[in-house]
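Breakdown of the fold
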Amino acid sequence: MPRFFPEGYVPAMEQKQTEKAIKYVKDTFERELSGGLKLSRVTSPLFVPRGSGINDDLNGVERPVRFQIGNLENREMEIVQSLAKWKRMALADLGFKHGTGLYTDMNAIRPDDDLDAIHSIYVDQWDWELVMAKHDRNLEFLKQVVRKIYSAMKRTEFLVSEMFSSCPPTLPDQITFIHTEDAQKQYPNLTPQQREKVLAQQYGAIFLIGIGLPLADGISQGGRAPDYDDWSTKTDDQHTGLNGDIIVWDAVRQDSMELSSMGIRVDRETLLRQLQIRNAQDRANLYWHKRLLAGELPQTVGGGIGQSRLCMYLLKKAHIGEVQASVWPEDVLSEAKTLQVFLM
């Protein structure tokens, strides 16, 4: 009985066609995303200086890959884990105006990620960031941006289905917004991951709002670093958080799949508050944090959209290794070989 692939799984297309389809998905979605949000493509770094505060700390426990540059007096660098903070700095340094933004191909290595059907130590995503007005620091503005991203996914899905008949569209017409606090009240006996699965299956596509702050049961829906997304601002009498995840129902795996993590970014007040919540006030002395606290960085909303995951979802694949080259456990490789599934 299969352990890592669905029972009876057969890929929707062979490998050469898959390679062509991957490029088509990526080219199409980039065009739809940049047009929908007025984003310009920029070149981003693969590594940043250690100790600058520019690298993403994720949940605060993941180890970044580090190396020294011999020709620069052994200066220590880190492979990026994401570009959440770098993008905001780039918007300031490149002089982007209100209502415009950037996107970039982000390639990262996360050696502490658990390998499974949708997780790899290699992370490839479209990182994007948009300059916003101060008065747009509200939930309705965040929802407007989410709807634009979801529309880009829907248009891409349609065009992919036109080009590759084995990949029919399955996304619902609208994305459903659900707050993590409401989800916890509705399903108090389920874990956060179980709630995601139930809600994704029920609605097809959801934006789960409020990731990072512990809920009523003391458990957070997911981890967030204290210095990029705003997860601590009270949005009304019942809800907290100006960030969230786009999650869809993956019919191939019969499970939920997160496609994007995003949010309104911290301002000066929020940064100081969240650093205090996480007992990380020392970060305020880092280069990036000093620039934000000095008012040198614009107000922004931004996030990341998984390239391999979007390809996996739209091309009806059961394992991320079918659309991405990385390293996989031997038992996964063995089962894939038995099922005649090609893993890159």
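Quick caveat: nothing in here was measured; it's all calculated off a predicted structure. (Residues numbered from 1 in each chain as written. Predicted model: local features only at pLDDT ≥ 70, side-chain atom pairs only at ≥ 80, totals over all residues. Heavy atoms only, no water.)

Summed over all chains, the structure comprises 23 salt bridges. For the salt bridge of K87 with D127, the shortest nitrogen-to-oxygen distance reads 3.2 Å. Placement of K87 in helix 2 (residues 84-93) and of D127 in strand 6 (residues 122-131) is noted, with a sequence separation of 40 residues between them. Each of the two residues, K87 as well as D127, counts as buried. The partner of D230 in a salt bridge is R137, with the nearest N and O atoms 2.8 Å apart. Of this pair, D230 sits in the loop between strand 8 (205-209) and strand 9 (243-250) while R137 sits in the loop between strand 6 and helix 3 (139-163), and the two are 93 residues apart along the sequence. In this structure D230 comes out as buried when scored by relative accessible area, which is 0%. You can call R137 buried: its relative accessible area is 17%. (Salt bridge = Lys/Arg side-chain N within 4 Å of Asp/Glu carboxyl O. Helix = DSSP H or I, 4+ residues; strand = E, 2+ residues; numbered from the N terminus. Buried < 20%, exposed > 50% of the residue type's maximum accessible area, 1.4 Å probe, protein only.)

The contact between helix 3 and helix 8 (residues 307-314) brings their axes to 11 Å, and the two run at 50°. It follows from the interaxial angle that helix 3 and helix 8 lie oblique. Considering only the axes of helix 3 and helix 8, their crossing is right-handed. Here helix 3 contributes M153, T156, E157 and V160 to the contact with helix 8, which in turn contributes L310, Y313 and L314. For the contact of helix 3 with helix 8, a count of residues per class yields five nonpolar, one polar and one charged. (Axes fitted to C-alpha atoms, helices over the stretch in contact; angles between N-to-C directions. Parallel < 35°, antiparallel > 145°, perpendicular 65-115°, else oblique. Left-handed = near helix turned anticlockwise from the far one by under 90°. Contact = heavy atoms within 4.5 Å. Nonpolar A, V, L, I, M, F, W, Y, C, P; charged D, E, K, R; others polar.)

What follows covers the packing of aromatic side chains. Overall, the coordinates contain five aromatic pairs when judged by the stated rule. Ring geometry for F5 and Y9: centres 6.3 Å apart, planes at 20°, overall stacked. Like F5, the residue Y9 is buried in the burial classification. Between Y24 and F164 the ring centres are 5.9 Å apart and the planes differ by 75°, which places this aromatic pair in the edge-to-face class. With a gap of 140 residues between them, Y24 in helix 1 (residues 15-37) and F164 in the loop between helix 3 and strand 7 (176-179) connect regions that are remote in the sequence. Residue classification places Y24 among the partly exposed positions, given a relative accessible area of 23%. Looking at F164, the relative accessible area reads 9%, which means it is buried. Across the ring face of F177, the terminal group of K143 is positioned such that the distance to the ring centre comes to 5.4 Å. Across the ring face of Y313, the terminal group of K316 is positioned such that the distance to the ring centre comes to 5.6 Å. (Phe/Tyr/Trp six-rings, centres within 6.5 Å; stacked < 30°, edge-to-face > 60°. Lys NZ or Arg CZ within 6 Å of the ring centre and 35° of its normal.)

Read from one edge of the open sheet, eight strands run 1-5-6-11-10-9-8-7, paired in mixed fashion. Taken across any chain shown, the strands that pair with only one partner, and hence form the sheet edges, are strand 1 (39-41) and strand 7. Across the sheet, the mean angle from the axis of one strand to that of its neighbour is 30°, orientation sign disregarded. Strand direction decides the pairing type here: strand 5 (residues 101-109) and strand 6, joined by nine bridges, are antiparallel. Paired with Y103 across the two strands is W128, which belongs to strand 6. Strands in contact with helix 1 are strand 1, strand 5, strand 6 and strand 11 (300-306); relative to strand 6, the strand with the most contacts, it is inclined by about 20°. (Pairing = 2+ DSSP bridges.)

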